[in-house]
Amino acid sequence: MSEKLELLLNQIELEKEYYSFFEGGQLLKIVGNKAKDTYVFFLKLNSNIDINLYSHFLELLKNKYSNFSVSIVIEVENINSEYVNDYYKYFIGLYSQESSLLQMFMNSTFKLNDNELIIEVSNLAEKMKFDSIKIKLEKDLSSCGFDFKISSYVDSDKGLETVEEINKEL
């Protein structure tokens, strides 16, 4: 791991047992805004890190630099697709704090095809709601090293798929 990254891990007092997950990694740069109240830490890692370590790392970073708004952007050499579901649930959980309706997507079925994450929804209303967070979710996942395009589709076997069918039910 680069000296800069090791220095950062020491400064935020990350437990030594987690250092191995950052092995071979680099702190590429730290970018602040003109007002010097927002900082983005850019890292390059060999692979994605577990969601629990990610949230712990981010929490330590925010605690250490509590006078600033802090975020991280992680570039990875090898995407670990095993972690996609955990990160997906993590971000849906965060969004649900602002809009509890989004909780319905917590256990959505999805497929991963190449660089596309395809989310299954039950009806057109759900699709419209999911599509309202799609760009934000793409951005958040990308900042964690998952550079996926996200799309959604209605599973016609699970629910109503058109406005006309919804109106018939009413």
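Residues numbered from 1 in each chain as written. Predicted model: local features only at pLDDT ≥ 70, side-chain atom pairs only at ≥ 80, totals over all residues. Heavy atoms only, no water.

**Considerations on the nonpolar core**
The biggest cluster of nonpolar side chains holds 46 residues, and the ones touching the most others in it are Phe 22, Tyr 54, Phe 57, Leu 61, Tyr 87 and Phe 130. Among the secondary structure elements, those contributing two or more residues to this core are α1 (3-11), β2 (38-47), α2 (51-64), β3 (69-78), α3 (84-98), β5 (116-121), α5 (134-142) and β6 (149-154). Examining the composition of this core, we find that seven residues originate from one element, α2, more than from any other. (Core = buried A, V, L, I, M, F, W, Y, C linked by side-chain atoms within 4.5 Å. Buried < 20%, exposed > 50% of the residue type's maximum accessible area, 1.4 Å probe, protein only. Helix = DSSP H or I, 4+ residues; strand = E, 2+ residues; numbered from the N terminus.)

**Examining the sheet that holds β3**
Read across the sheet, three strands follow the order β1-β2-β3 without closing on themselves; strand pairing throughout is mixed. Looking at which strands have only one partner, the edges of the open sheet turn out to be β1 (26-32) and β3. Within the sheet, the average angular offset between the axes of one strand and its neighbour, ignoring direction, is 20 degrees. In the sheet, β1 pairs with β2 via six bridges, with the strands oriented antiparallel. The partner of Ile 30 across the bridge, within β2, is Phe 41. Running at roughly 145 degrees to β3, α2 makes contact with β2 and β3 of the sheet. (Pairing = 2+ DSSP bridges. Axes fitted to C-alpha atoms, helices over the stretch in contact; angles between N-to-C directions. Contact = heavy atoms within 4.5 Å.)

**Some remarks on the sheet that holds strand β4 (residues 110-113)**
Strands pair in a sheet through their backbones, by hydrogen bonds, and they do so in one of two ways: parallel or antiparallel. The sheet built from three strands is open, its strands ordered β4-β5-β6 with mixed pairing. The sheet terminates laterally at β4 and β6, the two strands that pair on one side only. The sheet shows a mean angle of 20 degrees between the axes of neighbouring strands, direction not considered. Two elements, β5 and β6, share six bridges in a ladder whose sense is parallel.

**A short note on α3**
Here α3 spans 22 Å end to end across 15 residues, near enough to the 21 Å set by a 1.5 Å rise per residue. Where α3 is concerned, the buried positions are Val 84, Tyr 87, Tyr 88, Phe 91, Ile 92, Gly 93, Tyr 95 and Ser 96. Taken together, the buried residues of α3 touch α2, β4, β5, α4 (124-131) and α5. (Expected span 1.5 Å × (residues − 1).)

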